[in-house]
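Geometric and topological summary
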Amino acid sequence: MIAEGTRGRRRPVGEITRGTTGHNRLRRSDRWVTAVYGPLLRSAPRPLVVDLGYGASPVTTSEMFARLRRVRPDVEVVGVEIDPIRVAVARAHEREGLSFVLGGFELPVARPPLIVRAFNVLRQYGEAQAWQAWDLLRDRLAPGGVIVEGTCSEIGHRAAWVALDARGPRTLTLSTRLTGFTRPSDLAERLPKTLIHRNVPGERVHAFLRDFDHAWDVAAPYGAYGQRSRWIAAVERLTADWPVATAPPLGGRARWRLGELTIPWDALAPER
Ligand SMILES: C[S@@+](CC[C@H](N)C(=O)[O-])C[C@H]1O[C@@H](n2cnc3c(N)ncnc32)[C@H](O)[C@@H]1O
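Calculation rules
- Residues numbered from 1 in each chain as written.
- Predicted model: local features only at pLDDT ≥ 70, side-chain atom pairs only at ≥ 80, totals over all residues.
- Helix = DSSP H or I, 4+ residues; strand = E, 2+ residues; numbered from the N terminus.
- Rg over C-alpha atoms; globule rule 2.2 N^0.38 Å.
- Contact = placed C-beta atoms within 7 Å.
- Axes fitted to C-alpha atoms, helices over the stretch in contact; angles between N-to-C directions.
- Parallel < 35°, antiparallel > 145°, perpendicular 65-115°, else oblique.
- Left-handed = near helix turned anticlockwise from the far one by under 90°.
- Nonpolar A, V, L, I, M, F, W, Y, C, P; charged D, E, K, R; others polar.
- Expected span 1.5 Å × (residues − 1).
- Buried ≥ 20, exposed ≤ 12 C-beta atoms within 10 Å, placed from the backbone.
- Pairing = 2+ DSSP bridges.
- Right-handed = clockwise from strand over helix to strand, strands pointing away.

Observations regarding the overall build of the protein chain
Helix and strand counts for the protein chain come out as 8 helices and 8 strands. Against the 2.2 N^0.38 benchmark of 19 Å for 272 residues, the protein chain shows a C-alpha radius of gyration of 18 Å, consistent with a compact globule. Taking the principal axes of its C-alpha atoms as reference, the protein chain extends roughly 60 × 40 × 30 Å. Put simply, 65% of the contacts in the protein chain that link residues at least 6 apart link residues at least 24 apart.

Given below as structure tokens:
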């Protein structure tokens, strides 16, 4: 159970967990956020973006800040971290538009955020806690806002993330370096906490990954033209049976060629 502070004392909501992070680890999701939510960032008044749980070093927050500023030059980014030592370390990296504060899922920021990015944070919680955290974060969003919650490998070559709005989870995205896997189901190890334990026979996410592996096998001849061609062919085949996004900004060849695929959450949602 995720609990707010007791006896009137406000303490950050959540738990300090491992702080592993690294340069460019979240490049894939940054690229996706700027492509998919660039119009949202550009159109919002005074957009605020939160990077929740940035870890032992604020490097991924600084990288996200630089990438988002190319889309919206006055965007403000706040790194929120539950470990006070990590906040003290990060403060040396503050600059105009980029700041770091102590906090948790309650998001102690000056106004509702338009985007909340939380990567490699919820994987260290239980499945029920992850659902609770989603609910808490959704309540904090600015109108039209989104949460991008995901998990990736140590150096970010394999990743999966969910985008949620105020109503709930909307999409799941898988993203991989094209030389970084053997079969699409290798990405299962990066599924968000709310899905990873559901990758068992009888659950939709399991059927989806099984069909993706089959499409990958059938697309083997395209491997002669490289992994990129094979990935695109496999995803195109998958669209016959699954509602994979096929049009920009979420889908289509321009996204697939990056080793990406996005599918509506409802197609994979577990029974709760
Ligand atoms: C593995 S690091 C992830 C760092 C970075 N986001 C990345 O993906 O490279 C997870 C961080 O989340 C922090 N954390 C865990 N729960 C949190 C919460 N409820 N609020 C804020 N930070 C939290 C931990 O203290 C830790 O520093």
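With respect to the packing of helix 6 (residues 204–218) against helix 7 (residues 227–238)
Where helix 6 contacts helix 7, the two axes come as close as 8 Å, and the packing angle between them is 130°. The angle between helix 6 and helix 7 falls in the class oblique. Considering only the axes of helix 6 and helix 7, their crossing is right-handed. Residues D211, F212, A215, W216 and V218 of helix 6 pack against A234, R237 and L238 of helix 7. Broken down by class, the residue content of the contact of helix 6 with helix 7 amounts to 6 nonpolar, no polar and 2 charged.

Looking at helix 2 (residues 59–71)
The first and last C-alpha atoms of helix 2 sit 19 Å apart over 13 residues, in line with the 18 Å expected at 1.5 Å per residue. All buried positions along helix 2 are accounted for by T60, T61, S62, M64, F65 and L68. In the core, the buried residues of helix 2 are packed alongside helix 1 (27–43), strand 1 (48–52), strand 2 (76–81), strand 3 (98–102) and strand 4 (115–119).

Quick look at the sheet that holds strand 7 (residues 168–176)
With respect to topology, 8 strands assemble into an open sheet ordered 3-2-1-4-5-6-7-8, the strand pairing being mixed. The open sheet has two edge strands with one neighbour each: strand 3 and strand 8 (260–264). Across the sheet, the mean angle separating the axes of adjacent strands is 20° when strand polarity is ignored. Bridge count between strand 1 and strand 2: 5 bridges; the pairing is parallel. Within strand 2, the position partnered with D51 by the bridge is G79. Along the sheet, helix 4 (residues 127–140) makes contact with strand 4, strand 5 (146–152) and strand 6 (158–165), crossing strand 5 at roughly 145°.

Re the pairing of strand 5
Of all 7 residues in strand 5, 7 are buried; the element is thus mostly enclosed. Residues V146, V148, G150 and C152 point to one face of strand 5 and I147, E149 and T151 to the other, with burial holding for every one of them. In this structure, strand 4 lies alongside strand 5, joined through 5 bridges in parallel fashion. The residue of strand 5 that forms the bridge with F119 is G150. For the segment spanning strand 4, helix 4 and strand 5, crossover handedness is right-handed. One ladder, built from 6 bridges, connects strand 5 with strand 6; its direction is antiparallel. When the sheet's bridge partners are listed, C152 is paired in strand 6 with A159. Here strand 5 hands over to strand 6 after 5 residues, with G156 in that stretch at a positive phi of 85°.

In short, shape yes, function no, at least from these values alone.
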